Each structure stands twice: as C-alpha cells, then as structure tokens.
Amino acid sequence: MRKVMLEGGRRLTQADLNRSGALPADVIASAERIVDDVRERGDEALRECCLRFDGACPDAFRVPDDALSRALDAVDPAFLAALTRARDQIRDFHEREREQSWFTTRPDGTILGVQVTPVASAAVYVPGGRAQYPSTVLMDTVPAKVAGVARVVMLTPPQADGTLSAYTLAAAALAGVDEVYAVGGAQAIAAAAYGTESVPAVDKIVGPGNAYVAAAKRYVSGDVGIDMVAGPSEVCVLADATADPVVVAADLMAQAEHDPMASCYLVTCDAGLPERVLAAAETLLSQSPREQITRTSLDERGVVVVAESLEAAVDAVNVVAPEHLELHCEGAMALLGKIRNAGAIFVGAWSSEPLGDYVAGPNHTLPTGGTARFSNPLGVYDFQKRSSVICYTPEGLLADAPAAQTLAQAEGLWAHALSVGLRRRLAEGDAPDPADVRRVAWPEDLVAPAGIPLAGTAAQGDGAGEA
C-alpha cells in the first residue's frame, strides 16, 4: 500500500489518491458500439454478443418461472434462512424511506403539493463474473418493490456452461423479481433501455457491473433512468491507536478481494498503526483463497494516509469520500457529525462492513470513486417520481398574477405574461377582447436597467455565443 504523510498542516488532495477517474476511452467506445448494435438489430445482436462475451446463449433469454422455484428447492436451508433474514431486514429499513404525497392549502384556497408515484418498470443488473451476488438481488429489488414498481426484471449473465447460479435465482424468487433474463454486459443494458423482441424495455436500470456495464449505463442515461455509474468497490478505514490491526487488515481485505481494481484506504493519526496492519495483512493473505486478487488490489490500489491529528484525519476522509467508511476510533459516534462525504458509515469496531453488505438493512449499492460528495445510496426514492401539484383559486391568482407578469416581462416573454393576464382580467370580471390584448400581458412599463460592467473585461464579437 502506498503511504501519504500529511505533515506541517498539509491537506490530502485528489492528486494524492491517484484515482483513475473516468472510464477508459476504449471501454466507452466499445460499450457504445454494443448498445447501438443491439438498439438497431435487437435479439440478433443480443445473441451474437452473448456468445462472444459470455460464451453461452440460451435458446430463450427469458428464464422460466419454474427455474426460480427449483432454485429455492436446490439451495441449502441455512442459506435460505440467511437470505430470508437479510430480505426482511432490508425491507424493514427501506419501508422507512418511502415518500408520501403531500399537499398544503394557502389561506386564499390555492392548493400546492407533491404527488409521489413509482416508476412503472425497472431492471436490476446482477453481475455474474468473478462471483455470484444474491445479496445484490435483494438490495436492488426490495426497495423497488417497496416503492411500488409493478414490473421488476433481473438481468444476469449465464455462465460459460449455460447455467445460472441457484443462489442468484433463489434470491430473485425471494425478493419478488417478476422476470429474469439470462443476459449480461453492455448488451443487457441496451436491451433493457430500448427493448428487443425478447426483452421489453424498462423505465429505470439499477445495479453494479463491470466497466462495460457502467459505460453502457452512462450512454443510455437520459433515454432511460439509471441509479449511478458505479466503479470498483472501495473502503476507507479511519483508525486511531485503539484499533485492532488484525481486524483493520481483515476489513481492508474484505473490499480488496472483490476486484483487483478495488481501492482500500487506511487513514490514521497513529504513525505506528500502518506497519502493524500491513504485517497482519500478510499473515491473513497467505490463508485467503482469493489471495492474488486481494494482494493486487492492496499493492496497486491501496493507500495509507498518516495525519498529525484525528481532526486532520477526518478531513482526509472527507476528501476521499469513500463508498464504505469504517470508524475504528474511540468515541466513534461523536465523529459522525464531522463526516460529510461517505456512502455508508460503519460506526465503531463492532460494525463490520460485510454486515452492511448482507444483512444490516441499508443498501449496499453505493456511490464510488468519490461521488459520495454528491450522490446517495440506492433507495426507495430511486424508484419514485415526484410531480408538483399546483391548483389556484381566483383569489390566489389575483394575489400572484402581478409578480408573475412582472417577472415574465423582465425576461421578455410576452405570452407568458398574457397567459396570466387573461386569467387576471377574467377573475376581475373583465373579459378582454382577444384582438386587443397588448396591455393585458404587460400592464406596467418596466425600466430596463443597464448591464453591470465587469472590471477589466474587453467586449468582443456579437454576443451570439448564448441563445
């Protein structure tokens, strides 16, 4: 792991983190070609992509419903019990997120409010490459169902032998997925966004995936809703001298084993802790069945930040803005109010991040790559739409019309002002002649002010740069 020393009051910077940032140009270009091809040729292109990238393509992309029930019978009862516990706790948490429509009435009778409705359909993407993720099925499906989405479909790639994981299908059955399609990669995103002969289009696509899936989601965004453009997993452990180095090492490894591109950050104000953590990691790595993936991530993407004080360390954490943040500190709860940027915060040494991955309840689909500065975990709100509701009375119209007309006049939008002005006249009992409404829109003359000069600004051109 690379070490960054914050000495003499120096603050952590994005350059210190050396994040890769945007998706590689070749990945973006390839994903966009795949999306365009599937959009144009439908199932034919989808089938070609499946054979090329997954090594297998079923006769029908739609997985039979009985495959889900067979999966429930096939999995171990202990797994099914664990999955049920996770589902119930995820659902209980997300039930509290559900937004309700609301309305308020002004004294003049005007009604204002928000009507909340679910999206009609959503696709949850579940990776199936290096590992199987039944937990992701629950995390992506349960909030959609809580929101009231009528049609939730799952997209997941088949294995090279043409099978689908019984774990994944059992999770889909337990979560209430309505349709399952055996298709993955950028081609699956294209099919869900635009529809093919076999895969009906949806209104929103959520869930993590590889770089090609992320690039495809970004490309189709705007034609269909997406949750986020997710990058590799990441964890940041903020630890003081009270932290157990073996536990900290295990927690860093818990993210590193996901992907060689996963990022792990250890931020501490104890200069001796990093060496103890790294020594513990070496002992643990030799026993890991995913040693190579884990070691590559720690060696190539791991960063240790040593700060002069706990306050400086917290500041560094906010710069990292991690997907997962663990607080291995004395009095950890007192630090919570100082954390501004994190996808999920695990408070105290007992709060293992994998508990959040599986059973705690909050969603594990989280903003990555520093986007926790402005993004949220996946939630019920991602599957709900809000419509503003505005219902004026004549009295409310007369109260607000003058201000609306003045603002429209300042913007030079005559018909805007006319729309309000006509109603104003009608409310006053004066029906204007449509052939003579010049002053109905702009009843007052506004004095247009001169522009405010900016010091040192030289004016050039014709000002045609902005419409």
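Look a little higher up for the structure.
Source: prediction; values computed, not measured.

Rules of the game
- Residues numbered from 1 in each chain as written.
- Predicted model: local features only at pLDDT ≥ 70, side-chain atom pairs only at ≥ 80, totals over all residues.
- Heavy atoms only, no water.
- Helix = DSSP H or I, 4+ residues; strand = E, 2+ residues; numbered from the N terminus.
- Buried < 20%, exposed > 50% of the residue type's maximum accessible area, 1.4 Å probe, protein only.
- Contact = heavy atoms within 4.5 Å.
- Areas by Shrake-Rupley, 256 points an atom, 1.4 Å probe, with all protein chains shown as cover.
- Lys, Arg positive; Asp, Glu negative; His and termini not counted.
- Charge placed at Lys NZ, Arg CZ, Asp CG, Glu CD.
- Pairing = 2+ DSSP bridges.
- Axes fitted to C-alpha atoms, helices over the stretch in contact; angles between N-to-C directions.
- Parallel < 35°, antiparallel > 145°, perpendicular 65-115°, else oblique.
- Left-handed = near helix turned anticlockwise from the far one by under 90°.
- Nonpolar A, V, L, I, M, F, W, Y, C, P; charged D, E, K, R; others polar.
- Core = buried A, V, L, I, M, F, W, Y, C linked by side-chain atoms within 4.5 Å.
- Salt bridge = Lys/Arg side-chain N within 4 Å of Asp/Glu carboxyl O.

**Q** Talk me through the overall build of the protein chain; I want residue IDs and the actual numbers.
**A** A tally of regular secondary structure across the protein chain gives 17 helices and 14 strands. Projected onto the principal axes, the alpha-carbon positions of the protein chain cover approximately 85 × 65 × 50 Å. Each of the 467 residues in the protein chain was classed as buried or not, and the buried ones make up 46%. Taking the intrachain contacts of the protein chain between residues at least 6 apart in sequence as the baseline, contacts between residues at least 24 apart amount to 73%. Carbon together with sulfur atoms contributes 54% to the accessible area of the protein chain, which is approximately 22900 Å² in total. For the protein chain, the separation between the mean place of its 38 positive charges and that of its 62 negative charges on side chains is 2 Å.

**Q** Residue-level account of unusual backbone geometry, with values.
**A** For Ala321, which is not glycine, the phi dihedral falls at a positive 50°. Among the structural elements, Ala321 can be located in the loop between helix H13 (310-320) and strand E12 (324-328). Look at Ala321 and you get buried, because its relative accessible area is 0%.

**Q** How would you summarise the sheet that holds strand E7 (residues 204-206) if you had to cite specific residues and measurements?
**A** Reading across from one edge, E6-E5-E4-E7-E8 is the order of the five strands in this open sheet, with parallel pairing throughout. The sheet is open, and its two edges are formed by strand E6 (179-182) and strand E8 (225-226), each paired on a single side. In this structure, strand E4 (residues 121-125) lies alongside strand E5 (residues 151-156), joined through five bridges in parallel fashion. Counterpart to Ala122 in the pairing with E5 is Val152. In the packing of helix H7 (residues 166-175) onto the sheet, contacts are made with E5 and E6, and the angle to E5 comes to roughly 175°.

**Q** Requested: an account of the packing of helix H8 (residues 185-194) against helix H9 (residues 211-220), with residues and values cited.
**A** At a minimum axis distance of 7 Å, the contact between H8 and H9 shows a crossing angle of 25°. Judged on the interaxial angle alone, H9 and H8 are roughly parallel. Remark: the crossing between H8 and H9 carries right-handed chirality. Here Gly185, Ala186, Ile189, Ala193 and Tyr194 of H8 lie close against H9, whose contacting residues are Tyr212, Val213, Ala216, Lys217 and Val220. Here the contact of H8 with H9 is built from residues that sort into eight nonpolar, one polar and one charged.

**Q** Please provide a residue-by-residue account of the nonpolar core, values included.
**A** With 36 residues, the main nonpolar core has Val149, Met154, Leu169, Val180 and Phe383 as its most contacted residues. For this core, the elements supplying multiple residues, two or more each, are helix H4 (65-74), helix H5 (77-95), E4, helix H6 (134-147), E5, H7 and E6. Sort the elements by how many residues they give to this core and H6 lands first, with seven residues. If sequence neighbours within four positions are ignored, Val149 has contacts with Pro118, Val119, Ala120, Ser121, Ala122, Ala144 and Phe383. Core analysis: the next-biggest nonpolar cluster, separate from the first, contains 35 residues, Ile28, Ala31, Cys57 and Val213 among them.

**Q** Give a detailed account of the packing of helix H3 (residues 43-54) against H8, specifying residues and quantitative values.
**A** Where H3 contacts H8, the two axes come as close as 9 Å, and the packing angle between them is 155°. Taken together, H3 and H8 sit at an angle that is classed as roughly antiparallel. Between H3 and H8 the crossing geometry is left-handed. For the pair H3 and H8, the contacting residues are Leu46, Cys49, Cys50, Phe53 and Asp54 in the first and Gln187, Ala188 and Ala191 in the second.

**Q** If you had to explain the environment of Arg218 to someone new, which residues and values would you point to?
**A** Checked against the element boundaries, Arg218 lands in helix H9. Along the chain, Arg218 and Val229 lie eleven residues apart, while their C-alpha atoms are 6.3 Å from each other. For Arg218, the residues in contact, after removing those within four places along its chain, are Ile28, Ile226 and Val229.

**Q** So what's going on with the pattern of salt bridges? Which residues, and what values?
**A** On inspection of all chains with the given rule, the structure shows 26 salt bridges. Among the ionic pairs, Asp400 bridges to Arg106, the shortest N-O distance being 2.9 Å. Here the residue Asp400 occupies a position in helix H15 (residues 394-410), and Arg106 occupies one in the loop between strand E2 (102-105) and strand E3 (111-118), the gap between them amounting to 294 residues. Asp400 sits in the partly exposed class, given a relative accessible area of 27%. The shortest N-O distance in the salt bridge between Asp430 and Arg425 comes to 3.6 Å. The class for Asp430 is partly exposed, based on a relative accessible area of 38%. The class of Arg425 is partly exposed, set by a relative accessible area of 27%. Taken together, the salt bridges that share partners define one network made up of Asp37, Arg41, Glu44 and Glu48.

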